[in-house]
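Geometric and topological summary
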Amino acid sequence: MEALLNEWLWQEEYWLPPGISWQDIEMKEDEGRFPLPRDLIYTLPLAFTFIALRYVFERLIAVPLSKHLGVKDRIQIRAASLPKLETFYKQKNRQPSQIEVVSLGKQCGVSQRNIQNWFRHRRNQDRPSNTKKFCEASWRFVFYLISFTAGLGSLINTPWFWDHRECWRGYPKQPVAEAHYWYYILEMGFYVSLLLSVSVDVKRKDFKEQVIHHIATIFLIGFSYCANYVRVGTLVMLVHDSSDFLLESAKMLHYAGWTRTCDSLFVVFSLVFLVTRLVVFPGRVVHTTLVVSLEFFQPFFGYYFFNALLLVLQALHIFWAYLILRMVYKLVFLGKVERDERSDEESEVDDEEEEPEGEGDECSWQQRKGTINCKLSSLANNCVLNNLTNQRSINSRLPKAR
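Everything numeric in this text was worked out from a predicted model, so none of it was measured.

What counts as what
- Residues numbered from 1 in each chain as written.
- Predicted model: local features only at pLDDT ≥ 70, side-chain atom pairs only at ≥ 80, totals over all residues.
- Heavy atoms only, no water.
- Helix = DSSP H or I, 4+ residues; strand = E, 2+ residues; numbered from the N terminus.
- Buried < 20%, exposed > 50% of the residue type's maximum accessible area, 1.4 Å probe, protein only.
- Areas by Shrake-Rupley, 256 points an atom, 1.4 Å probe, with all protein chains shown as cover.
- Core = buried A, V, L, I, M, F, W, Y, C linked by side-chain atoms within 4.5 Å.
- 1 Å grid on protein atoms, 1.4 Å probe; cavity = no way out; pocket = protein on both sides within 12 Å on 5 of 7 lines; lining within 4 Å.
- Points joined across faces, edges and corners; volume = space filled by probe spheres on them.
- Nonpolar A, V, L, I, M, F, W, Y, C, P; charged D, E, K, R; others polar.
- Axes fitted to C-alpha atoms, helices over the stretch in contact; angles between N-to-C directions.
- Parallel < 35°, antiparallel > 145°, perpendicular 65-115°, else oblique.
- Left-handed = near helix turned anticlockwise from the far one by under 90°.
- Contact = heavy atoms within 4.5 Å.
- Expected span 1.5 Å × (residues − 1).
- Salt bridge = Lys/Arg side-chain N within 4 Å of Asp/Glu carboxyl O.

**Thoughts on the overall build of the chain**
Along the backbone of the chain there are 14 helices and 0 strands. Element order for the chain, N to C, with α for helix and β for strand: α-α-α-α-α-α-α-α-α-α-α-α-α-α. In the chain, which comprises 402 residues, the share counted as buried stands at 45%. When the accessible surface of the chain is split by element, carbon and sulfur atoms take 62% of a total near 22,100 Å².

**Thoughts on the nonpolar core**
By size, the foremost hydrophobic cluster in this structure holds 70 residues, and its most contacted members are W168, Y229 and F281. Listed by contribution, the elements that provide at least two residues to this core are α3 (43-69), α7 (130-155), α8 (159-162), α9 (178-196), α10 (207-226), α11 (230-256), α12 (259-290) and α13 (301-334). In terms of residue count, the dominant contributor to this core is α13 (12 residues). Among the nonpolar cores identified, the runner-up in size contains 9 residues, and A79, Y89, L104 and I115 belong to it.

**Some words on empty space enclosed by the protein**
What the rule picks out here adds up to 4 cavities of 30 Å³ or more. Put simply, the largest cavity is a space of about 270 Å³. Sorting the residues of the lining of the largest cavity by element identifies α7, α9, α10 and α11 as the ones contributing at least two each. Per-element tally for the lining of the largest cavity: the top contributor is α11, with 5 residues. Tallied by class, residues from the lining of the largest cavity come to 8 nonpolar, 5 polar and 9 charged. Estimates place the volume of the second largest cavity at around 110 Å³. Lining the second largest cavity are 13 residues, and of these T217, L220, I221, V236 and M237 lie nearest its centre.

**A short note on the packing of α9 against α11**
Viewed as axis vectors pointing N to C, α9 and α11 meet at an angle of 55°, and their least axial separation amounts to 11 Å. With respect to each other, α9 and α11 are oriented oblique. Both α9 and α11 take part in a crossing whose hand is left-handed. In contact with H180, Y183, Y184, E187 and Y191 of α9, α11 contributes V230, G233, T234, M237, L238, D241 and D244. Looking at side-chain class alone, the contact of α9 with α11 contains 6 nonpolar, 3 polar and 3 charged residues.

**A look at the packing of α7 against α9**
It is at 10 Å that the axes of α7 and α9 come closest, and there the two elements cross at 160°. Overall, the two elements α7 and α9 adopt an arrangement that is roughly antiparallel. Classified by chirality, the crossing of α9 by α7 is left-handed. Two secondary-structure elements touch here, α7 through W139, R140, F143, Y144, S147, G151, S154 and L155 and α9 through A179, H180, Y183, L186, E187, F190, Y191 and L194. Looking at the contact of α7 with α9 residue by residue, the classes come out as 10 nonpolar, 4 polar and 2 charged.

**Overview of α3**
Helix length check: α3, at 27 residues, gives a terminal C-alpha distance of 34 Å against a target of 39 Å (1.5 Å per residue), a shortfall beyond 12%. Of all the positions in α3, only T43, L46, A47, F50, R54, F57, E58, A62, S66 and L69 are classed as buried. Two residues or fewer past α3, G70 is found with a positive phi of approximately 90°.

**Description of unusual backbone geometry**
Omega for the peptide link from Y171 to P172 comes to 5°, which places this bond in the cis form. Tracing the sequence through the fold places P172 in the loop between α8 and α9. The backbone of N228 sits at a positive phi, close to 60°, despite the residue not being glycine. Within the secondary structure layout, N228 lies in the loop between α10 and α11. We classify N228 as buried; its relative accessible area is 2%.

**Here's the deal with the pattern of salt bridges**
Taken as a whole and judged by the stated rule, the model has 7 salt bridges. With a shortest N-O distance of 3.9 Å, E136 and R54 are connected by a salt bridge. Here E136, found in helix α7, pairs with R54, found in helix α3; they are 82 residues apart in sequence, far enough to count as distant. Across the pair E166 and R169 runs a salt bridge whose closest N-O atoms are separated by 3.0 Å. Among the charged side chains, a network of salt bridges with common partners joins R54, E58, R59, E136 and R140.

Structural data, given as structure tokens:
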């Protein structure tokens with residue numbers, strides 16, 4: 001069975017252009033390294049290594065850094081201990097319907113309003129803290145910054161960095177440099193670690209798009225390595241890393257409350273993202289894989305599959321660009337970015353129902369400020385009325401005292 005699977009999986013028409021066999025691309029030891037599918041096995045233990053490194057990094061570096069930068073967590077009201085409601089919350093539904101609320105109220109002997117408040121506080125209790133989100137953003141920032149710097153250093157002197165036709169000259173018999181081999185393995189191992197930890201990471205508004213992005217990226221890196229699309233693959237990774245570390249650094253400043261610096265960095269990120277993902281990526285990278293590559297070989301299965309994955313990434317780029325442009329509009333015309341439209345807002349629908357005492361995070365700042373001002377005005381009026389009442393009472397007692 002294994003032999004039949006290998007024979008079917010590694011058919012030459014899947015991986016190589018027409019007229020080229022595996023024997024044609026065999027390379028001697030002195031000719032350099034040729035990418036082999038078995039090299040990708042190392043990415044799985046490497047992914048677990050990244051997860052362990054992240055655990056150590058967040059606790060030894062990210063948490064102290066968050067305190068130093070002034071990251072503050074909201075004070076949340078903990079839900080009362082009600083075993084029946086807790087069981088329902090964990091096993092059935094986090095947001096019960098009206099019929100379920102009535103049923104739970106009868107079982108626990110609690111009013112419907114208290115049942116709804118309990119579930120509201122319980123959902124808020126599960127929301128990630130700013131410190132947790134800061135740690136996650138700082139870990140990604142460190143990796144993307146190192147990856148972009150190392151990738152740019154290894155590619156700046158290569159001929160295909162400046163002339164994209166060089167990506168296909170001599171294909172598929174192209175040796176892979178040691179630096180580009182590690183660039184591929186480390187990048188794929190990191191994205192595998194992100195996919196493995198997606199269930200415990202902060203669930204954001206674009207959660208589904210992020211999962212699709214991670215899966216498409218892993219398939220793209222793995223397939224391009226096996227088919228020796230390494231030259232154009234390094235360009236794809238470099239384009240993505242160029243803006244990712246700016247986004248994560250802006251998130252870190254946002255959680256720390258550095259609003260002006262965050263807004264300035266967000267503008268820089270927006271420009272870099274829009275240029276690299278909507279101009280450079282489709283105009284240079286996708287163009288060279290779709291059009292320029294046909295000057296050197298006839299299309300085959302690998303050609304269609306690789307370009308299909310690139311187009312999936314481009315569709316995600318357009319989706320994120322739309323969210324980013326919405327944020328830029330708010331920043332320019334409203335003077336402030338109220339929410340991270342791209343991926344900094346939790347996707348929980350029930351968060352929109354939070355209590356207004358202070359843990360509410362969905363209501364806009366203007367609404368919360370108006371509520372606070374109303375309460376302060378009411379409190380001030382009550383204080384004034386109390387003072388006037390006390391003063392009249394004192395004046396009415398003065399003649400008697402005399």
